[in-house]
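Structural description and commentary
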Amino acid sequence: MFSKILIANRGEIACRVIKTAHQLGIRCVAVYSEADANARHVQMADEAFLLGPAPSKDSYLRADKILAIAKQSGAEAIHPGYGFLSENEDFAKACAEAGVVFIGPPVPAIAAMGSKSAAKEIMSKAGVPLVPGYHGENQDETFLAAEANRIGYPLLLKAAYGGGGKGMKVVWQASEFMEQLHSAKREAINGFGNDKILMERYLTKPRHVEIQVFADNFGNAVYLHERDCSIQRRHQKVIEEAPAPSFSAEQRKAMGEAAVTAAKAIGYAGAGTVEFLFDEDGSFYFMEMNTRLQVEHPVTEMITGQDLVKWQLLVASNQPLPLKQEEIPLDGHAIEVRVYAEDPDNNFLPATGKLTYLRQPDCHRHVRIDTGVVEYDEVSPFYDPMIAKLIVWDENRDRAIARMRHALDEYRIAGVKTNLGFLSALVSHPAFAAAALDTHFIEHHQADLFAPAQSESQQALLLAALYLLLKQQPAPTDRSPWSCGYGWRLNEAPQVRFNLQSGDSTSQVVIQSTATGQRLCVDDYCINARAELSGDTLTATLANAGNSHQFRVRVSHYQPTPLTQTVSVFIAHQRFDFTYQTQVEVAATDESAGSLKAPMNGTVVAVMASAGQQVQAGDTLLVMEAMKMEYAIKAPANGVVNSVFYQAGDLVKDGAELVDFSAETGASA
Ligand code: MV4
């Protein structure tokens, strides 16, 4: 077994590989870009080397630098993870030439699977089932039209050098063939520089079922069952599960053996995945083979109890597979979701920013999180915006779904948009529970999955205001009216207003302290509340007209700029963000003296008014700061400022006269 390996990757997969390597007593060398200098995978490694600037082409794709670091550090092998150089045959070749073991398949196997049409030819010869079609070199239009009639409609035209769903065109009937063929060729030459077209019968509702295979250098090859990855969006997997729902032992055996045949046909070694289209009638067809460890490998690990990175390290260090086919367990059901920094309500635009709040579900036998980030990390625009993979396991699919739903509710992230709400909607959808899966799942259930633009939730708004109120109040022991914080008014119940913005709308929440708690009003809607805050957990009861609803929610609070703060309220799987200026409008005035008094002990941070100045009602005359909040002292009416008694930086006592103000005659001060 190796004593030191280099992980030529970043994020969650790098952390995951390091974790297994350390369990095997293998020292790890990390490589990182300037943007990842403080990343988790760098922290976890035994040593780390800078590759270069953030862009992948200047860092994680710099095969020359990675190899040089491997030599310099004495790493005996390189684990490529997935993505980046993991299926790059030139890199695998360069490793061999440099005398460094590439933890992956032999170079010829990578090359053989690199071309989709060549791969299909190899599989066809090996007897692996292919969708009826034509993958040959003859591109004569008349010949292709005749082939199309042989294959039958609907027909799928695929650019031979396309991939990942790009360059595919469905032809529903023969009359459209020629026009669609010309169009497909034009798109292929423009998109991929080659207009070779493959043709296949189009499966209208296939599932994506893939087999995990493993082979060693001694001729052993096994399958570790299947994964269903049908729920995809724009050919990006969103949810993966194992075993595939409604998939019989016979189907598993047939598909697994076909995958092993495929692996053996190309002299495979290491971890590989053979992808199939699984049709409604139970037939399955080879789609492609991935010569790397896949993102979704954890669901296979959860149902077999095997560590696939450990298997990779064993095979790469020339040891035999740990288990025979008949020894591989299949226990329970696992589901994985990919937690992304992206905005489902804005066409899944990748999101960037600081993870200002990150709370994960507890991990144990039933819940696993593979992540490359920690709280306060920046999600950068340079790489895939994956935050983590959340994987659950239970004895059966229904229980696994329940586990996933709860785990998603417990997963709370603020500071960047995430797809957590979308994932919750997916796993909570009746069609998912019924395992009515196919590759069109998301588009079919679009209406249910994309909640209408989320108007701020009234409850979340009230809870955010209550949180802010309690956040600023002194400890419960110090409840005398003189120290009840801001908003205390002589002869009147203390009142505070928060102007909270959510999306494009701003709401003002007026909170009045009462003998039993608070009374909150938004416009003409009022409700009574009692609330307690412990850390980031707000327990609040909102009650009116006889009904009462208790909430226990997490709240994150962040001040991105000196003048604005963000409060995120997590209610079940939803997050409601509110921003507000840290200036709270204080209505504390002592009308009798016509003067404006300090509502609490604090510091004057800004003076806007000057003696003799004419002002309008609501103009900010002076700003105070207390307990990390700013309070705008405003003109209570139109009038004139006679004197200002303090300047910026002055400390003022609760009740001190700040401004001498005269309201216009006839107007109340
Ligand atoms: C197909 C197909 C239906 N019929 N081939 C999409 C990308 C590449 N992996 C192959 N793909 C498909 N090939 C035939 N003959 C439907 C798809 C397909 C798909 C396949 C798997 C997972 C998600 C998909 C989403 C759209 C289309």
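Quick notes on the rules
Residues numbered from 1 in each chain as written. Predicted model: local features only at pLDDT ≥ 70, side-chain atom pairs only at ≥ 80, totals over all residues. Heavy atoms only, no water. Disulfide = S-S within 2.5 Å. Buried < 20%, exposed > 50% of the residue type's maximum accessible area, 1.4 Å probe, protein only. Domains from an automatic or database assignment. Contact = heavy atoms within 4.5 Å. Buried area = accessible area lost by both parts, 1.4 Å probe. Salt bridge = Lys/Arg side-chain N within 4 Å of Asp/Glu carboxyl O. Helix = DSSP H or I, 4+ residues; strand = E, 2+ residues; numbered from the N terminus. Pairing = 2+ DSSP bridges. Axes fitted to C-alpha atoms, helices over the stretch in contact; angles between N-to-C directions. Near = heavy atom within 4 Å. Polar contact = N/O pair within 3.5 Å; in protein donor to acceptor, adjacent residues only side chain to side chain. Areas by Shrake-Rupley, 256 points an atom, 1.4 Å probe, with all protein chains shown as cover. Nonpolar A, V, L, I, M, F, W, Y, C, P; charged D, E, K, R; others polar.

Some thoughts on the state of the cysteines
One pass over the structure, following the stated rule, counts one disulfide. Linked covalently through their sulfurs, Cys521 and Cys526 form a disulfide whose S-S length is 1.9 Å. Across the disulfide from Cys521 to Cys526, rotation about the S-S bond amounts to roughly 115 degrees, and the bridge is consequently right-handed. Between Cys95, a cysteine without a disulfide, and Cys28, which holds the nearest cysteine sulfur, the sulfur-to-sulfur distance is 16 Å. No disulfide involves Cys363; its sulfur sits 13 Å from that of Cys15, the nearest cysteine. Residue Cys363 is classed as partly exposed on the basis of its relative accessible area, which comes to 46%.

Description of the domain arrangement of the chain
Partitioning the chain into domains gives domain 1 (4-103), domain 2 (132-201), domain 3 (205-330), domain 4 (332-451), domain 5 (457-581) and domain 6 (595-663). Between the C-alpha centres of domain 1 and domain 3 the distance comes to 25 Å. With 17 residues of domain 1 at the contact, the number on the domain 3 side is 15 residues. Between domain 1 and domain 3, a total of about 1200 Å² is buried, with carbon and sulfur atoms accounting for 63% of that surface. For domain 1, the biggest contributors to the area lost against domain 3 are Arg16, Tyr82 and Glu87; these three give 40% of the whole. Of the charged contacts, one joins Asp307 and Arg16 as a salt bridge, the two residues approaching to 3.0 Å between their closest N and O atoms. Top element by residues in the side of domain 1 that touches domain 3 is helix α1 (residues 11-23). It accounts for six residues.

Notes on the pairing of strand β11 (residues 221-228)
The buried count for β11 comes to eight of eight residues, which makes it a mostly enclosed element. In terms of strand pairing, strand β10 (residues 207-215) meets β11 through six bridges, oriented antiparallel. Looking across to β11, one finds that Val213 is bridged to Tyr223. Linkage of β10 to β11, two consecutive antiparallel strands, is achieved through a turn of five residues, within which Gly219 is found at a positive phi near 85 degrees.

Considering the sheet that holds strand β7 (residues 155-163)
Read across the sheet, four strands follow the order β6-β9-β7-β8 without closing on themselves; strand pairing throughout is antiparallel. Of all the strands in the sheet, just β6 (133-134) and β8 (166-171) have a single pairing partner and so form its edges. Relative to β8, β7 is paired through five bridges, and the arrangement is antiparallel. Bridge pairing links Lys158 to Met168 in β8. Across the face of the sheet, helix α6 (residues 116-125) comes into contact with β7 and β9 (197-201) while running at roughly 115 degrees to β7.

A look at the site of the ligand
The environment of the ligand is made up of 16 residues, and the closest members are Leu156, Glu200, Arg201, Leu203 and Gln232. Residue Lys158 places a side-chain N or O atom 3.3 Å away from a nitrogen atom belonging to the ligand. With respect to the ligand, the side chain of Glu200 contributes an N or O atom lying 2.9 Å from a nitrogen atom. About the coverage of the ligand: the protein hides 90% of its 520 Å² of free accessible area. A breakdown of the residues in the shell around the ligand according to their chemical character gives seven nonpolar, five polar and four charged. When residues of the shell around the ligand are sorted by domain, at least three fall in each of domain 2 (132-201) and domain 3 (205-330).

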